Amino acid sequence: MNWDDTTDPAAPERLVGSVADREDQAVEAALRPKDLGEFIGQEKVREQLDLVLRAARARGATADHVLLSGAPGLGKTTLSMIIAAEMGAPIRITSGPAIQHAGDLAAILSSLQEGEVLFLDEIHRMSRPAEEMLYMAMEDFRVDVIVGKGPGATAIPLELPPFTLVGATTRAGLLPPPLRDRFGFTAHMEFYEPAELERVVHRSASLLDVEIDADGAAEIAGRSRGTPRIANRLLRRVRDYAQVKADGRIVREIAAAALAVYEVDARGLDRLDRAVLQALLKLFGGGPVGLSTLAVAVGEERETVEEVAEPFLVREGLLARTPRGRVATPAAWAHLGLTPPGSAAGGTSGGTGQQDLFGA
């Protein structure tokens, strides 16, 4: 039940995509935990954040600015809402891409109430002028509004009430140091362990009034790619299958059969993931092969293979990115039940070695 609200036009096409579509957002609103005690996983982050918030409440002050980084679907938006709830403050939600001019940010900041939480998703995508205005707002609770143009332009200082900025990013490395340094507390959200995802599935099943046993929850959790959002999406699809094909109760066999229908295998790979691996293994002997060549082989855009399929395959140790191109690992051969050629058994070479000439 820990997710973010980032949307992506391609999200509905992948059941195991970690970006929220409109259906996800509607369900997540009802399933989100309301306080840190309900939040599952991220133990270190929860403990540290609890100390920050308790100390701020004891001082009667606003909480320090908070930066949350990590992959989509791990709970950044949920934590921002919990921060507001724990501080008894309202929350304003916006995103970096929505702030393209300094005036956009000034309008938001000038309307904040004292102690209010401003959640800025994908903060690394904010425009540079707005970013520079944010420096002063975070540090001095003041912004300079420029009136007029050219030599006659005048900067009018505008005092802001104390507020807490919660920034969320999937790419912390893109944040400039001056902005990153102004956050009093930073946390990186890790992928979840299967046992934690089982707890997520059980809690969500209870809220959705779905009967599920421990084996059924474990089956769903094991295919959820370490991401609560995916676990909840798979739970809803398995629920549908159980209601139509069985008595509505989710057990391991029902969960496995349902996810087989949706082409999500035991390791969480879907059709696109397997297509990339099959092309790499069957057509190119395990690689190395260039990204562009591999994309053509699976009938997808280069960006789709690189940004959608590869991150999970690399994290699972099924594929490696090398200077010569993409290379399958021994685990990839084993997962697809294929026997590697002698030169590919070590996961470092295969085929003719010519594929890396094309778009490596």
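Here is what the cut-offs are and how they apply
- Here the residue numbering is sequential within each chain, running from 1 through the sequence in written order.
- With the structure being a predicted model, the display of local features is reserved for residues of pLDDT at least 70 and the display and counting of side-chain atom pairs for 80 or more, all residues being used for whole-chain, interface and lining totals.
- Computation of side-chain values covers all heavy atoms of the structure but excludes hydrogens and water.
- Think of it this way: any DSSP run of H or I at least four residues long counts as a helix, any run of E at least two long counts as a strand, and we number them from the N terminus.
- Burial classes: relative accessible area under 20% of the type maximum marks a residue as buried, over 50% as exposed, and values in between as partly exposed (1.4 Å probe, protein chains only).
- Every residue pair with non-hydrogen atoms within 4.5 Å of one another is taken to be in contact.
- Computed with a 1.4 Å probe, the accessible areas rest on the Shrake-Rupley method; for each residue, only the protein chains presented here act as cover.
- We define a salt bridge as a side-chain nitrogen of Lys or Arg found within 4 Å of a carboxyl oxygen belonging to Asp or Glu.
- As a rule, the C-alpha atoms of each element are fitted with a line to give its axis, helices using only the stretch in contact, and angles between N-to-C directions run from 0 to 180 degrees.
- In these notes the angle categories are as follows: under 35 degrees is roughly parallel, over 145 is roughly antiparallel, 65 to 115 is roughly perpendicular, and the rest is oblique.
- The handedness criterion is simple: a crossing whose near helix is rotated anticlockwise from the far helix by less than a right angle is left-handed, and one whose near helix is rotated clockwise is right-handed.
- Amino acids are sorted into nonpolar (Ala, Val, Leu, Ile, Met, Phe, Trp, Tyr, Cys and Pro), charged (Asp, Glu, Lys and Arg) and polar (every other residue, Gly among them).
- Two rings from Phe, Tyr or Trp (for Trp, the six-membered ring) form a pair when their centres sit within 6.5 Å of each other. Planes less than 30 degrees apart are called stacked, planes more than 60 degrees apart edge-to-face, and all others tilted.
- Sitting over a ring, as applied to charges here, requires NZ of Lys or CZ of Arg to be within 6 Å of the ring centre and within 35 degrees of the ring normal.
- At least two bridges found by DSSP between two strands is the condition for calling them paired.
- Put simply, buried Ala, Val, Leu, Ile, Met, Phe, Trp, Tyr and Cys residues joined by side-chain atoms within 4.5 Å make one nonpolar core.

Focus on the overall build of the protein
(1) Moving on: Of the regular secondary structure elements, the protein holds 14 helices and 9 strands.
(2) Moving on: Burial status across the protein gives 50% buried among its 360 residues.
(3) Moving on: When contacts within the protein are restricted to residue pairs at least 6 apart in sequence, long-range pairs at least 24 apart make up 71% of them.
(4) Moving on: With an accessible surface of roughly 16,100 Å², the protein has 52% of that area assigned to carbon and sulfur atoms.

What to know about the pattern of salt bridges
(1) Moving on: Following the criterion strictly, the structure yields 19 salt bridges and no others.
(2) Moving on: The partner of Arg 92 in a salt bridge is Glu 116, with the nearest N and O atoms 3.2 Å apart. One end of the pair, Arg 92, is in strand β2 (residues 91–95); the other, Glu 116, is in the loop between α4 (102–110) and β3 (117–121), with 24 residues separating them in the sequence.
(3) Moving on: On the basis of relative accessibility, which here comes to 3%, the residue Glu 116 falls in the buried class.

Quick notes on the packing of helix α7 (residues 194–207) against helix α8 (residues 214–222)
(1) Moving on: At a minimum axis separation of 8 Å, α7 and α8 run at an interaxial angle of 120°. It follows from the interaxial angle that α7 and α8 lie oblique. The way α7 lies across α8 gives a crossing that is right-handed. Within the contact between the two elements, α7 uses Pro 194, Leu 197, Glu 198, Val 201 and His 202 and α8 uses Ala 214, Ala 217, Ala 218, Ile 220 and Ala 221.
(2) Moving on: The residue makeup of the contact of α7 with α8, split by class, is 8 nonpolar, 1 polar and 1 charged.

Concerning the packing of aromatic side chains
(1) Moving on: Summed over all chains, the structure comprises 1 aromatic pair.
(2) Moving on: The ring of Phe 312 is capped by Arg 225, whose NZ or CZ atom sits 3.7 Å from the centre of that ring.

Considering the sheet that holds β2
(1) Moving on: A sheet is described by the order of its strands in space; here 5 strands give the open sequence β2-β3-β6-β1-β7, paired in parallel fashion. Either end of the sheet is taken by a strand with one partner, and the two such strands are β2 and β7 (185–188). Averaged over all pairs of adjacent strands, the angle between their axes in this sheet comes to 15°, without regard to strand direction.

Some words on the nonpolar core
(1) Moving on: Membership of the largest hydrophobic core comes to 47 residues, with the highest contact counts inside it found for Leu 49, Leu 79, Ile 212, Ile 220 and Ile 250.
(2) Moving on: Ranked by residue count, the leading element in this core is helix α9 (residues 228–245), at 7 residues.
(3) Moving on: Other than its neighbours up to four places away in sequence, Leu 79 contacts Leu 36, Phe 39, Val 45, Leu 49, Leu 68 and Met 189.
(4) Moving on: By size, the runner-up hydrophobic cluster in this structure holds 24 residues, among which are Leu 67, Ala 137, Leu 175 and Phe 183.

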